[in-house]
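In case you want the letters, here they are:
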Amino acid sequence: MVDVGEKAPTMRRAIARGYVHMQAATLRAIIAQQVAKGDVLQVGRIAGIMAAKQTSALIPMCHPLALTHVSVDLCPELDTDRVRIEAEVRNIGPTGVEMEALTAVTVAGLTGYDMCKSMDRGTRLADVELIYKNGGQNGGYTGPDA
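Only a predicted model underlies this, so the values are computations on that prediction, with no experimental measurement involved.

*Asks:* Explain the nonpolar core here, please?
*Replies:* In a soluble, globular protein the nonpolar side chains are often hidden away together inside. Judged by nonpolar contacts, the single largest core of 26 residues is most densely connected at Ile30, Val72, Val83 and Ile85. Only β1 (10-21), α1 (24-31), α2 (40-53), β2 (67-77), β3 (82-93) and α4 (98-116) provide two or more residues apiece to this core. Sequence-distant contacts of Val83, defined by excluding residues within four places in its chain, comprise Gly18, Tyr19, Val20, Met22, Leu27, Leu41, Leu74, Cys75 and Pro76.

This is the structure we're talking about:
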């Protein structure tokens, strides 16, 4: 692990985004809460939050962080037959929270995949990316689609 002990704690914030693409009928079933395994949007949200909190256990060399905020939003997009997932993570510390935001999006998407795979084998998770970060000595980042 990188030694961050000498770095001053600063407010850190990261936002990540990704998509779960599926058939239109699958998306309609999610919205109507007619998926056999339950409420895909709420279970995905909780899975993403839990994943952000466990990132250091999943990603080698990732520091365990005291997170001050985690939100995960899953938004159905009927015009493109997909669910947009956005996660925002914040803390005050010596290292950033990008990995936690990316992990939250990924696990929320994988949860949706798992819950819908029996009804739609073509469901896929795509385009997981960091779209915004700030805090720390290296400054901020704003992606092209932020």
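On we go from here.
*Asks:* Explain the sheet that holds β1 here, please?
*Replies:* In any sheet, the strands associate via hydrogen bonds between backbone groups, in a parallel or an antiparallel arrangement. With antiparallel pairing, 5 strands are arranged side by side in an open sheet as β2-β3-β1-β4-β5. Of all strands in the sheet, those bounded by a partner on one side alone are β2 and β5 (141-142). Bridge analysis of β1 against strand β4 (residues 124-134) gives 8 bridges, and the strand direction is antiparallel. Following the sheet pairing, His21 is matched in β4 by Arg124. Against the sheet, α2 touches β2 and β3, its axis set at about 150 degrees to β2.

*Asks:* In this structure, what is going on with unusual backbone geometry? I would like to understand it.
*Replies:* Peptide bonds are trans in most cases, and residues, glycine excluded, mostly fall at negative phi. At Met61, a residue that is not glycine, the phi angle is positive and equals roughly 70 degrees. You can see Met61 is positioned in the loop between α3 (55-58) and β2. Owing to a relative accessible area of 62%, Met61 belongs among the exposed residues under this scheme.

*Asks:* Would you explain the pairing of β4 in this entry?
*Replies:* Within a regular strand, side chains alternate between the sheet's two faces. One ladder, built from 2 bridges, connects β4 with β5; its direction is antiparallel. Residue pairing in the sheet places Tyr132 in a bridge with Thr142 of β5. In this structure, the hairpin formed by β4 and β5 is closed by a connection of 6 residues, where Gly135 is found at a positive phi of approximately 100 degrees.

*Asks:* So what exactly am I meant to see when it comes to the pattern of salt bridges here?
*Replies:* Side-chain pairs of opposite charge can arise where the charged atoms are in close proximity. Under the criterion given, the structure shown has 9 salt bridges. Between Arg17 and Glu86 there is a salt bridge, and its shortest N-O distance comes to 2.8 Å. You can see Arg17 sitting in strand β1 and its partner Glu86 sitting in strand β3, a full 69 residues away along the chain. With relative accessibility at 10%, the residue Arg17 sits in the buried group. Taking the relative accessible area as the measure of exposure, Glu86 reaches 24% and is therefore partly exposed. As a salt-bridge pair, Asp114 and Lys117 come within 2.7 Å of each other at their nearest N and O atoms. Among the residues examined, Asp114 registers a relative accessible area of 32% and is labelled partly exposed. Overall, the relative accessible area of 31% leaves Lys117 in the partly exposed class. Salt bridges here are not isolated pairs; linked through shared partners, they connect Arg17, Glu77, Arg82, Arg84 and Glu86.

*Asks:* Got a minute to help me understand the environment of Asp114 in this structure?
*Replies:* Note that Asp114 resides in helix α4. A sequence separation of 58 residues divides Asp114 from Ser56, and the C-alpha atoms of the two residues are 23 Å apart. Within the structure, the side chain of Asp114 is placed 3.3 Å from the side chain of Lys37, a separation counted as a polar contact.

Cut-offs and rules
- Residues numbered from 1 in each chain as written.
- Predicted model: local features only at pLDDT ≥ 70, side-chain atom pairs only at ≥ 80, totals over all residues.
- Heavy atoms only, no water.
- Core = buried A, V, L, I, M, F, W, Y, C linked by side-chain atoms within 4.5 Å.
- Buried < 20%, exposed > 50% of the residue type's maximum accessible area, 1.4 Å probe, protein only.
- Helix = DSSP H or I, 4+ residues; strand = E, 2+ residues; numbered from the N terminus.
- Contact = heavy atoms within 4.5 Å.
- Pairing = 2+ DSSP bridges.
- Axes fitted to C-alpha atoms, helices over the stretch in contact; angles between N-to-C directions.
- Salt bridge = Lys/Arg side-chain N within 4 Å of Asp/Glu carboxyl O.
- Polar contact = N/O pair within 3.5 Å; in protein donor to acceptor, adjacent residues only side chain to side chain.

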